[in-house]
Amino acid sequence: MSEALLLTPGATRLADLRRVYRNNLPVRIDDACKADVDAAAKIVATAARGEAAVYGVNTGFGKLANTRIPADQTSRLQRNLVLSHCCGVGPALPRAVVRLIIALKMLSLGRGASGVRWDVILRLQSLLQLDLLPVIPAQGSVGASGDLAPLAHLAAVLIGEGHVDYEGERMPAAAALKAAKLEPLELGPKEGLGMINGTQVSTALALAGLFDAWSLAQTALISGALSTDALMGSTQPFREEIHALRGLRGQIDAAHSLRLLLDGSAIRESHREGDERVQDPYSFRCQPQVLGACLDQLRAVAQMLETEANAVTDNPIVDIASGEILSGGNFHAEPVAFGADQIALAIAEIGAISQRRVAIAVDPAQNYGLPAFISPDPGLNSGFMIAEVTAAALMAENKQRAMPCSLDSTPTSANQEDHVSMACHAARRLAEMNRNLANILAIELLIGVQGVEFRAPVETSARLQKVMQKVRSAVAPLADDRYLADDIAAITELVSERAVIASLGEIGLLPEIDP
C-alpha cells in the first residue's frame, strides 16, 4: 500500500486533493487537530444533557426544530436522522469521487467545529484505508441544507446500514464492516447531523470536474497547435509582445505554450513568404485569448474550491473559544454552484473553439490546400465528414448544459429551506461535459495529425511530432473509409488518461492550475 497522504484540516492544498482523486491514495488525518475535535465534542455532549434547546443536539431538524428531544433519545435521534435522509436515487457516484467526498468530510470535521468525536473521523479514515467505499446515489441534493441525501448514504455505512463497494463486490454495509472487522458506530449527539450537513458532495464533484477540465484545457492547446500547423497558420498572433500588453495571466500562459509547441516547425517556416492570407480565422488566431480566459476562469474556481474543501460547512457550529453552539448557514453551497457554473462555461468554450477549427480543417474552401474532409481520395471516400458533425453535436450539447444551475432555486422542507443552491447537479453535469469535450479534442487530434501528414515532406515541430507518434500508436492514418467510431474512442481514451499531455515529456511546457 502507498504511504498515506496527510490531511491537515484548514491547510490541505489543491494538489493533495488531486492526488486523492487520481491516485487512489490512503489518507490519514493530522493528529494535531484532535485537541480541538475533542473540545468541541465535549461542548456538544454537555449541551445534550442541558435544559437549553440547541438545534440538532436536543431538538428535531428543519421544520421540526421546535420539538425537544430527551437526553436519553439523542443517539436514536441521530440514527433516525441518517436513515430518514437516505433518499438518494440514480446511478452511484464514481469511486474516485466517493473517495474525495470522504477526504473532504474528514477535513471539515477535523476543524474541530462540528462537535463529533474523534472516533467518527478515524472511521472515515478507515473506509479510505480499507477501500471500503459507500454506494452514494448521485441524485437527491439541492445544495442546501448541504448535500443531505448523498451524505446520508455515507453516514449510513458508519452505522452498518446501506451498501458499499468492498473487495470488488457490492454488498450490504453490515456485511462489509463485519468482513473488515469493524463494529458499526453508535452515533453521539449531533454526529448524524455533522455527517449529513455540509457541501462535500457538491465540492467533490466540482473538484473532479475542475481537475479533468484543466487537463482537457492543456490538451486543447496541443490539438490547437496541431491544427494551426495542419492549416499552415501564422504564429505571429502568439507573439509575447501582444499578450504582455494585455497582461492577463491565462492568455500569456496559453500563448507561451503555443509558441513552445510550434517552435522549430518547418511547416511554419515554409510559408512565411508568398502566403497570400493576411490573417487566420479567430478560432486559430485568438486561441490565447479564448483558452487563456478559460484558464483564468478555472484558476479562480480552483482558489475558491481549495478554500471550500477546508471549510466547516455543517450547522450548528461549535465555537470552542467561547463554548457557544452557533446556528448559521455555512451549508449553503452557493459558492460551489457559482464555481461549477464557471467550470461549465469554460468546458463549453474550449469545445466551441476546437469544433470551429475542425470545421475549417475539413472545408477545402478554407483549409489551404488540404483535400476535402482530409481524405486522400475525397468523393469515393467521405473521410472525416461525419466526425466533424459529431464534434458539432457534442459542442452544441455542451453549450446547452452550460446554462447556469445556480439561477434555479425551489423551496424545500415546508418552506423552512426556502432558497437553495442547486450546487450538486451543477457540479455533477461537469463529468458528462468533460467526456463530450474529450471526444471533440480527440476528433481535432485525428484531423490535425492527418492534416500535418499531408504537408509531408515538410515536418511540424519536434514536440508535435511526439504527439503525432502517440496518436499513431493507437490509430492508423485514414486512407479508405472505415469504421471511425473505434478510432475516435481510442484517441478519446488517450485524451482522458492524459496520455497526449504525457507524450510531450516536458514538465512546465503547459500551464499548471496552482491557484
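Here, every reference points to the structure presented above.
Trainee: An account of the overall build of the chain is requested, with residue identities and associated values reported.
Mentor: Each helix and strand in the chain was counted, giving 20 helices and nine strands. Against the globule reference of 24 Å for 515 residues, the chain gives a C-alpha radius of gyration of 26 Å, in line with a compact fold. Counting across all 515 residues of the chain, residues that qualify as buried make up 55%. A separation threshold of at least 6 residues defines the contact pool for the chain, and within that pool the share at least 24 residues apart is 78%. Taken as a whole, the chain presents about 20,900 Å² of accessible surface, with 53% of it coming from carbon and sulfur. Between the averaged position of the 45 positive side-chain charges in the chain and that of its 58 negative side-chain charges there is a distance of 3 Å.

Trainee: Please give an account of the packing of aromatic side chains that cites residues and values.
Mentor: What the rule picks out here adds up to one aromatic pair. Arranged with centres 5.9 Å apart and planes meeting at 35°, the rings of tyrosine 21 and phenylalanine 211 form a pair that is tilted. Highlighted residues: tyrosine 21 in helix 1 (residues 14-23) and phenylalanine 211 in helix 9 (residues 200-230), separated in sequence by 190 residues. Exposure class is identical for tyrosine 21 and phenylalanine 211. Each is buried. Here the basic side chain of arginine 277 rests over the ring of tyrosine 368, its NZ or CZ set 3.5 Å away from the ring centre.

Trainee: Go over the environment of leucine 370 with me, naming the residues and quoting the values.
Mentor: Secondary-structure assignment places leucine 370 in the loop between helix 15 (334-361) and helix 16 (385-401). Exposure remark for leucine 370: the relative accessible area of 5% places this residue in the buried category. Considering only alpha carbons, one finds leucine 370 and phenylalanine 454, 84 residues apart in sequence, at a separation of 7.1 Å. Discounting residues that sit within four places of it in the chain, leucine 370 has contacts with Ala230, Leu231, Ala361, Pro364, Gly451, Phe454 and Arg455.

Trainee: Tell me what's going on with the side chain of arginine 472, and back it up with residues and numbers.
Mentor: Among the structural elements, arginine 472 can be located in helix 18 (residues 462-474). Among the polar contacts made by the side chain of arginine 472, one reaches the side chain of glutamate 453 at a distance of 2.8 Å. A distance of 3.1 Å separates a polar atom in the side chain of arginine 472 from the backbone oxygen of valine 475.

Trainee: How would you explain the state of the cysteines if you had to name every residue and give the values?
Mentor: By definition, a disulfide links two cysteine residues through a covalent bond between their sulfur atoms. The full count for this structure, using the stated rule, is zero disulfides. You can see cysteine 86 has no disulfide; the closest cysteine sulfur is in cysteine 87, sitting 7.3 Å from it. By relative accessible area, which is 24% here, cysteine 86 ends up partly exposed.

Trainee: Describe the pairing of strand 7 (residues 169-172), and please don't skip the residues or the numbers.
Mentor: As judged from the four bridges shared by strand 6 (residues 163-166) and strand 7, these two strands associate in the antiparallel manner. The residue bridging tyrosine 166 from the neighbouring strand is glutamate 169, located in strand 7. Linkage of strand 6 to strand 7, two consecutive antiparallel strands, is achieved through a turn of two residues, within which glutamate 167 is found at a positive phi near 50°.

Trainee: Can you tell me about the packing of helix 14 (residues 287-309) against helix 15, naming the residues and giving the values?
Mentor: The interhelical angle for the contact between helix 14 and helix 15, taken along N-to-C directions, is 160°, at an axis separation of 9 Å. It follows from the interaxial angle that helix 14 and helix 15 lie roughly antiparallel. The chirality of how helix 14 crosses helix 15 is left-handed. Contact with helix 14, carried on its side by Gln287, Val290, Leu291, Cys294, Gln297, Leu298, Val301, Met304, Leu305 and Glu308, involves Pro335, Val336, Gly339, Gln342, Ile343, Leu345, Ala346, Glu349, Ile350, Ile353 and Arg357 of helix 15 and no other residues of that element. Classifying every residue of the contact of helix 14 with helix 15 by side-chain character gives 14 nonpolar, four polar and three charged.

Trainee: How would you summarise the environment of threonine 8 if you had to cite specific residues and measurements?
Mentor: Of note, threonine 8 is situated in the loop between strand 1 (5-7) and helix 1. When its relative accessible area of 26% is taken as the criterion, threonine 8 is described as partly exposed. Sequence-wise, threonine 8 and alanine 266 are 258 residues apart; in three dimensions their C-alpha atoms are separated by 50 Å.

Trainee: Just give me the short version of helix 3 (residues 74-84), but keep the residues and values in it.
Mentor: Of the positions making up helix 3, those classed as buried are Thr74, Leu77, Gln78, Leu81 and Val82. Buried residues of helix 3, viewed axially, fall in a sector of 130°; they line one side. Check the buried side of helix 3 and you find it contacts helix 2 (34-49), helix 6 (148-158) and helix 8 (191-196).

Trainee: How would you sum up the pairing of strand 6? Please name residues and give values.
Mentor: Taken together, the two bridges between strand 4 (residues 133-134) and strand 6 define a ladder with antiparallel strand orientation. Counterpart to leucine 133 in the pairing with strand 6 is aspartate 165.

Trainee: Give a detailed account of the pattern of salt bridges, specifying residues and quantitative values.
Mentor: It is possible for side chains bearing opposite charge to pair when their charged atoms get close. Throughout the structure, instances matching the rule amount to 21 salt bridges. Between aspartate 16 and arginine 19 there is a salt bridge, with the nearest N and O atoms lying 3.8 Å from each other. One end of the pair is aspartate 16 and the other is arginine 19, both in helix 1 and three residues apart, which spans about a single turn. The class of aspartate 16 is partly exposed, set by a relative accessible area of 21%.

Rules of the game
Residues numbered from 1 in each chain as written. Predicted model: local features only at pLDDT ≥ 70, side-chain atom pairs only at ≥ 80, totals over all residues. Heavy atoms only, no water. Helix = DSSP H or I, 4+ residues; strand = E, 2+ residues; numbered from the N terminus. Rg over C-alpha atoms; globule rule 2.2 N^0.38 Å. Buried < 20%, exposed > 50% of the residue type's maximum accessible area, 1.4 Å probe, protein only. Contact = heavy atoms within 4.5 Å. Areas by Shrake-Rupley, 256 points an atom, 1.4 Å probe, with all protein chains shown as cover. Lys, Arg positive; Asp, Glu negative; His and termini not counted. Charge placed at Lys NZ, Arg CZ, Asp CG, Glu CD. Phe/Tyr/Trp six-rings, centres within 6.5 Å; stacked < 30°, edge-to-face > 60°. Lys NZ or Arg CZ within 6 Å of the ring centre and 35° of its normal. Polar contact = N/O pair within 3.5 Å; in protein donor to acceptor, adjacent residues only side chain to side chain. Disulfide = S-S within 2.5 Å. Pairing = 2+ DSSP bridges. Axes fitted to C-alpha atoms, helices over the stretch in contact; angles between N-to-C directions. Parallel < 35°, antiparallel > 145°, perpendicular 65-115°, else oblique. Left-handed = near helix turned anticlockwise from the far one by under 90°. Nonpolar A, V, L, I, M, F, W, Y, C, P; charged D, E, K, R; others polar. Arc of directions from axis to C-beta. Salt bridge = Lys/Arg side-chain N within 4 Å of Asp/Glu carboxyl O.

All quantities given are derived from atomic positions and should not be read as evidence of function.
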